[in-house]
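# Structural description and commentary
One-letter residues, chain by chain:
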Amino acid sequence: MFCFQCQEAAKNEGCTVKGVCGKTTEVANLQDLLLFLCKGISHYTVPLRKYGIEIPQINKFITDSLFMTITNANFDKSRFTTRLLMAFEMRNAARERLANTGTDIEGITFDGALWVGETEVEITEKAFEVGVLTTKDEDVRSLRELTVYGLKGMAAYAEHAFNLGYEENEIFAFMQRALVATTDDSLSVDELTALVLETGKYGVQVMALLDRANTSSYGNPEITKVNLGVRNNPGILISGHDLKDMEDLLKQTEGTGVDVYTHSEMLPANYYPAFKKYSHFVGNYGSSWWHQTEDFENFNGIILFTTNCIVPPRKSSTYIDRVYTTGASGFEGFKHIGDRKEGQPKDFSAMIEHAKKCAAPKEIETGEIVGGFAHNQVITLADKVIEAVESGAIRKFFVMGGCDGRMNGRNYYTEFAQKLPGDTVILTAGCAKYRYNKLPLGEINGIPRVLDAGQCNDSYSLVKIALALKEALGLTDLNDLPIAYNIAWYEQKAVIVLLALLYLGVKNIHLGPTLPAFLSPNVVNVLVNNFGISGITSVDEDMKLLLETVESK
Ligand code: SF4
Ligand code: SF3
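Residues numbered from 1 in each chain as written. Chains lettered and ligands numbered in written order. Predicted model: local features only at pLDDT ≥ 70, side-chain atom pairs only at ≥ 80, totals over all residues. Heavy atoms only, no water.

Attention shifts here to the packing of aromatic side chains. Tallied over the entire structure, the rule returns 23 aromatic pairs. When the ring of tyrosine 412 is compared with that of tyrosine 413, the centres are 4.8 Å apart and the planes differ by 80°; the resulting orientation is edge-to-face. For the pair formed by tyrosine 412 and tyrosine 413, the shared burial category is buried. Of the aromatic side chains, those joined through ring pairs into one cluster are Phe75, Phe296, Phe305, Tyr319, Phe331 and Phe334. Here the guanidinium or amino end of lysine 335 rests over the ring plane of tyrosine 324, the centre of that ring lying 5.2 Å away. A cation over an aromatic ring shows up here: lysine 396 above the ring of phenylalanine 398, its NZ or CZ 5.5 Å from the ring centre. (Phe/Tyr/Trp six-rings, centres within 6.5 Å; stacked < 30°, edge-to-face > 60°. Buried < 20%, exposed > 50% of the residue type's maximum accessible area, 1.4 Å probe, protein only. Lys NZ or Arg CZ within 6 Å of the ring centre and 35° of its normal.)

Attention now goes to the sheet that holds strand 14 (residues 483-488). Spatially, six strands are ordered 13-10-9-14-15-16 in an open sheet, and the strand pairing comes out parallel. Either end of the sheet is taken by a strand with one partner, and the two such strands are strand 13 (450-452) and strand 16 (534-535). Sheet topology note: the strand 15 (residues 509-512)/strand 16 ladder contains two bridges and is parallel. When the sheet's bridge partners are listed, histidine 510 is paired in strand 16 with serine 534. (Pairing = 2+ DSSP bridges. Helix = DSSP H or I, 4+ residues; strand = E, 2+ residues; numbered from the N terminus.)

The next subject is the site of ligand 1. As a matter of local geometry, ligand 1 sits amid Met1, Cys3, Phe4, Gln5, Cys6, Ala9, Cys15, Gly19, Val20, Cys21, Lys23 and Thr71. Across the shell around ligand 1, the residue classes break down as eight nonpolar, three polar and one charged. (Near = heavy atom within 4 Å. Nonpolar A, V, L, I, M, F, W, Y, C, P; charged D, E, K, R; others polar.)

Here we take up the pairing of strand 3 (residues 259-262). Neither face of strand 3 is open: one carries Asp259 and Tyr261, the other Val260 and Thr262, and all of them are buried. Relative to strand 3, strand 2 (residues 235-239) is paired through four bridges, and the arrangement is parallel. Each bridged residue has a counterpart across the sheet, and for leucine 237 the counterpart in strand 3 is tyrosine 261. A crossover connection joins strand 2 to the parallel strand 3 through helix 8 (residues 243-253); in handedness this β-α-β unit is right-handed. (Right-handed = clockwise from strand over helix to strand, strands pointing away.)

Relative to the 16 Å expected for 12 residues at 1.5 Å per residue, helix 16 (residues 492-503) spans 17 Å between its end C-alpha atoms, a close match to the ideal helical length. Among the 12 residues that make up helix 16, 11 are buried, leaving the element largely enclosed by the rest of the structure. If you check which residues of helix 16 are buried, you get Gln492, Lys493, Ala494, Val495, Ile496, Val497, Leu498, Leu499, Ala500, Leu501 and Leu502. Looking at the buried side of helix 16, the elements it contacts are helix 5 (138-163), helix 7 (189-218), helix 15 (459-472), strand 14, strand 15 and helix 17 (521-531). Where helix 16 starts, the residue carrying a side-chain oxygen 2.8 Å from the main-chain nitrogen of lysine 493 turns out to be glutamate 491. Immediately beyond the C-terminal end of helix 16, within one or two residues, lies glycine 505, with a positive phi of roughly 90°. (Expected span 1.5 Å × (residues − 1). Contact = heavy atoms within 4.5 Å. Polar contact = N/O pair within 3.5 Å; in protein donor to acceptor, adjacent residues only side chain to side chain.)

When the domains of the protein chain are assigned, the result is domain 1 (10-217), domain 2 (224-356) and domain 3 (375-552). Taking the mean C-alpha position of each, domain 1 and domain 2 sit 29 Å from one another. Taken together, the contact between domain 1 and domain 2 spans 17 residues of the former and 19 residues of the latter. Taken together, domain 1 and domain 2 are joined by zero salt bridges. Taken together, domain 1 and domain 2 are joined by 10 residue pairs in polar contact (both at pLDDT 80 or more). Residue assignment for the side of domain 1 that touches domain 2 shows that the elements contributing at least two residues are helix 2 (56-68), helix 3 (77-100) and helix 5. Its residues placed into classes, the side of domain 1 that touches domain 2 shows seven nonpolar, seven polar and three charged. (Domains from an automatic or database assignment. Salt bridge = Lys/Arg side-chain N within 4 Å of Asp/Glu carboxyl O.)

Turning our eyes to something else, we now look at the packing of helix 5 against helix 17. Relative orientation of the contacting elements helix 5 and helix 17 amounts to 60°, with a least axis distance of 8 Å. Classified by the angle between their axes, helix 5 and helix 17 sit oblique to one another. Across the interface between the two elements, Glu138, Asp139, Ser142 and Leu143 of helix 5 pack against Pro521, Asn522 and Val523 of helix 17. By residue class, the composition of the contact of helix 5 with helix 17 is three nonpolar, two polar and two charged. (Axes fitted to C-alpha atoms, helices over the stretch in contact; angles between N-to-C directions. Parallel < 35°, antiparallel > 145°, perpendicular 65-115°, else oblique.)

What follows covers the pairing of strand 6 (residues 323-326). Neither face of strand 6 is open: one carries Val323 and Thr325, the other Tyr324 and Thr326, and all of them are buried. Sheet topology note: the strand 5 (residues 302-305)/strand 6 ladder contains three bridges and is parallel. When the bridges of strand 6 are listed, phenylalanine 305 appears paired with threonine 325. Both strand 6 and strand 7 (residues 335-337) contribute to a ladder of three bridges, which runs parallel. Across the sheet, the residue bridging to threonine 326 is isoleucine 337, located in strand 7.

This part is about the site of ligand 2. Every residue lining ligand 2 is accounted for by His241, Glu265, Trp289, Asn308, Cys309, Gly402, Cys403, Cys431, Cys456, Tyr490 and Glu491. Of the residues contributing to the shell around ligand 2, the split by class is six nonpolar, three polar and two charged. Viewed by domain, the shell around ligand 2 spans two of them, domain 2 (224-356) and domain 3 (375-552), each represented by three or more residues.

Here we come to the sheet that holds strand 2. On the basis of which strands lie adjacent, the open sheet formed by six strands has the order 4-3-2-5-6-7 and parallel pairing. Edge positions in the open sheet fall to strand 4 (281-284) and strand 7, since each of these has one partner strand only. Strand-to-strand twist in this sheet, taken as the mean axis angle between neighbours without regard to direction, amounts to 25°.

Before going further, it helps to spend a moment on the side chain of asparagine 284. Mapped onto the secondary structure, asparagine 284 falls in strand 4. At a separation of 3.5 Å, a polar atom in the side chain of asparagine 284 contacts the side chain of tyrosine 434.

Evaluated as defined, the whole model comprises 27 salt bridges. For glutamate 222, the salt bridge is made with lysine 276, and the minimal N-O distance between the two is 3.1 Å. Separated by 54 residues along the polypeptide, glutamate 222 in the loop between helix 7 and strand 1 (224-227) and lysine 276 in helix 9 (residues 273-276) bring together distant segments of the chain. Residue lysine 276 is classed as partly exposed on the basis of its relative accessible area, which comes to 33%.

This is how it looks when you write it as structure tokens:
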């Protein structure tokens with residue numbers, strides 16, 4: 001195996017024996033092969049579109065498959081094996097459709113469009129031939145992988161939107177066209193760089209789509225005090241990003257005596273009017289994803305993963321039989337809840353019965369946190385915010401969204417938030433917020449100093465807020481706003497968020513805690529020269545630099 005797609009890549013170079021995340025060599029190889037076959041299928045679906053032929057099952061299959069290979073989403077070998085077999089079927093169907101158009105399919109020679117393997121040995125051997133390192137030129141490899149990781153993030157967001165009945169063929173078409181482009185040896189470095197930026201363009205489009213899907217289905221997030229304490233009933237702790245699962249779960253648990261709590265990235269579900277109305281929806285329990293081993297022990301009840309991030313449990317963990325996965329997530333040893341049947345809600349009944357037999361959660365903290373500052377809510381507060389900026393009460397905004405992770409160096413973000421002067425405001429989205437969202441950072445004229453817009457995909461909200469501020473302050477360039485970007489990344493959804501920001505022309509982003517291992521030195525140079533991207537240094541140095549950049553404006 002070789003994998004360097006996330007911030008935990010071993011030695012910041014790549015995992016070669018077993019993933020730091022816990023992914024086994026076997027699963028890593030199966031994921032490589034699945035991606036290879038998705039590229040192969042796309043070699044047929046891209047030309048099919050020239051005939052106006054769209055195959056919805058394939059669009060869904062490729063989207064789900066990309067999503068399943070995101071860091072910490074799915075560790076279950078059998079799910080990938082089944083998918084490889086499905087991939088062969090999908091590919092055959094697409095090939096046949098293309099042949100029926102009269103196209104000469106013999107001209108399609110990409111190996112992933114042709115290869116069929118049946119035995120485990122064949123699969124294992126093939127995986128060595130199709131992984132990341134088969135692209136020898138490190139710059140080409142870097143740009144190809146940057147694109148693929150962006151596509152994985154895009155796929156995750158497209159999937160959540162799809163679950164709510166929102167989809168755009170243009171996004172599926174781009175994903176497949178870009179997959180094919182990553183197999184094209186004739187593309188120059190400049191062309192691949194353009195592809196990376198185009199990925200960012202579709203990143204904006206998919207986040208806008210998901211925002212529409214979420215807000216049309218559940219209302220606009222509103223300022224909410226989220227309870228951190230517990231009640232005395234058995235509970236279900238729901239984690240991940242999928243709001244449709246949240247809806248189905250709340251409906252099915254109503255009146256059963258089972259309470260619902262959010263964990264990690266599901267916290268923003270508390271901000272939606274459609275969910276807030278349920279009296280058995282108690283609040284948020286615990287912290288960001290990597291604290292789960294401890295949080296799940298303490299919770300005592302059922303845990304439901306709707307997406308990443310899963311931490312493989314220790315052998316001694318007592319919660320293993322209380323965990324369920326659904327959607328793209330999976331882990332051998334956890335129970336999996338299958339997809340919804342056409343037009344029906346997902347069936348959580350067995351899990352709810354199981355929950356009834358569990359003890360109530362142990363209280364690990366009390367109090368509240370405030371969130372719900374997505375674009376619609378902030379824009380209704382616009383006058384107050386603009387007045388604070390114009391009077392100097394707010395000197396600067398710091399976008400500190402993104403991911404959280406286990407690395408010790410991430411204390412940087414807590415310290416940074418603590419040391420920020422009192423006339424600055426943090427704008428956040430994603431699980432990075434857990435590094436500072438429980439600190440007593442106070443308010444400015446009634447505006448909290450940490451404004452949480454929601455999940456990582458709600459970074460789109462932060463962009464909408466920035467655009468509205470630009471307009472209100474009569475500026476022409478987003479980069480003239482008093483906003484600094486100090487973003488933390490971990491997995492591939494952060495990659496699509498980053499590419500979306502670059503596409504929108506945001507400059508001088510600080511990215512940490514380390515720069516991605518998949519960026520070659522030359523690609524880093526392109527990002528530095530064209531976008532002013534830089535890594536983080538020390539809290540004090542970065543603070544000085546980022547505060548100065550504003551003052552000079
Ligand atoms: Fe390593 Fe990250 Fe890949 Fe897991 S996802 S194998 S930690 S680089
Ligand atoms: Fe977090 Fe996994 Fe990235 Fe969605 S839940 S931001 S790390």
